[in-house]
Amino acid sequence: VAFAQHRRNRSDAHLKPALAGATLGVLAGFGVLWWLQPPGSDVQGAARLAGVLKPLVGGITLAMVGIQVYRWLGGRVPPMSSARRVAVPVGVLAGTASTLAHSAGPIMTVYWLDAKLAKPVLVATLVVFFLLVNLIKVPGYVVWGLIGTHTLALSGVMLAAVPIGSFLGLWLHKRIPDRPFALIMYVAAAAAGGRLLWQTVFA
């Protein structure tokens, strides 16, 4: 639904190198998963790795948000480059984290916020990126039994609410100006990063 709403505003220049890196990251994630947990085996190895990735992603996200706060307070920090040499490694991290811990959202959000993408472009690029990354992950999740009738039944129930959330999001998207929108996104990313650290300490 979000893809249909926003896809025309995406930035292919930002999307393509990050998606190339994410594809490598997904493959790396499944390679690690195969090493730790061959299909049909015990899940503890992969669960432990996810427990390591979550605080790593959370810490990186909070550091990136902290840099932006420092800039707002008058500090001088060069922006992250959106060139391929940076976008590809960020994509690799996102693809790996998404495959093993479902925690790539904060990283990509803050990375593209730092690139100063306009609000419609930022949202569209994130939507297309995660739609494609999630589609790439589907075959592997089926092989590992992480997607099956037990998950599809629950997904079917939840799916009924998705259009409501998507159209509510689109309504808000059109009414929130760019500067408050960026602030909301930074706060949300910081909250997501903090949650990942919280889960590690208290889970």
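Owing to the predicted nature of the structure, the values given are computational and were not obtained by experimental measurement. (Residues numbered from 1 in each chain as written. Predicted model: local features only at pLDDT ≥ 70, side-chain atom pairs only at ≥ 80, totals over all residues. Heavy atoms only, no water.)

**Section: helix H9 (residues 178-202)**
Step number 1: Here H9 contains 25 residues, and its C-alpha end-to-end distance of 35 Å stays within 8% of the 36 Å for a straight helix at 1.5 Å per residue.
Step number 2: Considered for burial, the residues of H9 that qualify are Phe 181, Met 185, Tyr 186, Ala 189, Gly 193 and Leu 196. (Helix = DSSP H or I, 4+ residues; strand = E, 2+ residues; numbered from the N terminus. Expected span 1.5 Å × (residues − 1). Buried < 20%, exposed > 50% of the residue type's maximum accessible area, 1.4 Å probe, protein only.)

**With respect to the packing of aromatic side chains**
Step number 1: Applying the stated criterion across every chain, the model contains 7 aromatic pairs.
Step number 2: Plain terms: the ring middles of Phe 30 and Tyr 141 are 5.6 Å apart, the flat faces sit at 75 degrees to each other, and that makes the pair edge-to-face. Of the two residues, Phe 30 is situated in helix H2 (residues 12-36) and Tyr 141 in helix H6 (residues 119-143); the sequence distance between them amounts to 111 residues. Here Phe 30 and Tyr 141 have matching classes, each one buried.
Step number 3: Consider the rings of Phe 129 and Phe 130, whose centres lie 5.0 Å apart with planes at 90 degrees: the pair is edge-to-face.
Step number 4: We classify Phe 129 as buried; its relative accessible area is 1%.
Step number 5: Taken together, Phe 30, Trp 34, Tyr 141 and Trp 144 form an aromatic cluster joined through their ring pairs. (Phe/Tyr/Trp six-rings, centres within 6.5 Å; stacked < 30°, edge-to-face > 60°.)

**Considerations on H2**
Three- or four-residue spacings in an α-helix give side chains the same orientation, since the helix completes a turn every 3.6 residues.
Step number 1: In this model H2 runs 35 Å from its N-terminal to its C-terminal C-alpha over 25 residues, within 8% of the 36 Å that 1.5 Å per residue would give.
Step number 2: Of all the positions in H2, only His 14, Leu 15, Pro 17, Ala 18, Leu 19, Gly 21, Ala 22, Gly 25, Val 26, Gly 29, Phe 30 and Leu 33 are classed as buried.

**Some thoughts on the packing of helix H4 (residues 84-101) against helix H5 (residues 105-114)**
Step number 1: Where H4 meets H5, the axes come as close as 9 Å, and the angle between the chain directions of the two elements is 160 degrees. When the axes of H4 and H5 are compared, the pair comes out roughly antiparallel. Viewed along their axes, H4 and H5 form a crossing whose handedness is left-handed. The segment H4 lies against H5, with Val 86, Ala 87, Val 90, Leu 93 and Ala 94 engaging Ile 107, Met 108 and Tyr 111.
Step number 2: Class assignment for the residues of the contact of H4 with H5 results in 8 nonpolar, no polar and no charged. (Axes fitted to C-alpha atoms, helices over the stretch in contact; angles between N-to-C directions. Parallel < 35°, antiparallel > 145°, perpendicular 65-115°, else oblique. Left-handed = near helix turned anticlockwise from the far one by under 90°. Contact = heavy atoms within 4.5 Å. Nonpolar A, V, L, I, M, F, W, Y, C, P; charged D, E, K, R; others polar.)

**What about the side chain of Arg 71?**
Step number 1: Its place among the elements puts Arg 71 in helix H3 (residues 44-72).
Step number 2: On the basis of relative accessibility, which here comes to 18%, the residue Arg 71 falls in the buried class.
Step number 3: Polar side-chain contacts of Arg 71 include one of 3.0 Å to the side chain of Gln 68.
Step number 4: At 2.6 Å, the side chain of Arg 71 and the side chain of Asp 114 are in polar contact.
Step number 5: With sequence-adjacent residues up to four places away left out, Arg 71 is seen in contact with Val 77, Pro 78, Pro 79, Met 80 and Asp 114. (Polar contact = N/O pair within 3.5 Å; in protein donor to acceptor, adjacent residues only side chain to side chain.)

**Details of unusual backbone geometry**
Keep in mind that most residues, glycine aside, have a negative phi and that most peptide bonds are trans.
Step number 1: The phi dihedral of Lys 116 is positive, around 60 degrees, even though this residue is not glycine.
Step number 2: Along the chain, Lys 116 falls in the loop between H5 and H6.
Step number 3: Residue Lys 116 is classed as exposed on the basis of its relative accessible area of 60%.

**A word on the confidence of the model for the protein chain**
Step number 1: Across the protein chain, the average pLDDT comes to 86, with 90% of residues at 70 or higher.
Step number 2: Across the protein chain, the secondary-structure element scoring lowest on mean pLDDT is H3, at 76, and the one scoring highest is H6, at 93. (pLDDT = per-residue confidence, 0-100.)

**Observations regarding the nonpolar core**
Step number 1: Ranked by internal contacts, the top residues of the largest apolar core, which has 40 residues, are Met 108, Tyr 111, Trp 112, Leu 122, Leu 126 and Phe 129.
Step number 2: Broken down by secondary-structure element, the contributors of at least two residues to this core are H2, H3, H4, H5, H6 and H9.
Step number 3: The biggest single contributor to this core is H6, with 9 residues. (Core = buried A, V, L, I, M, F, W, Y, C linked by side-chain atoms within 4.5 Å.)

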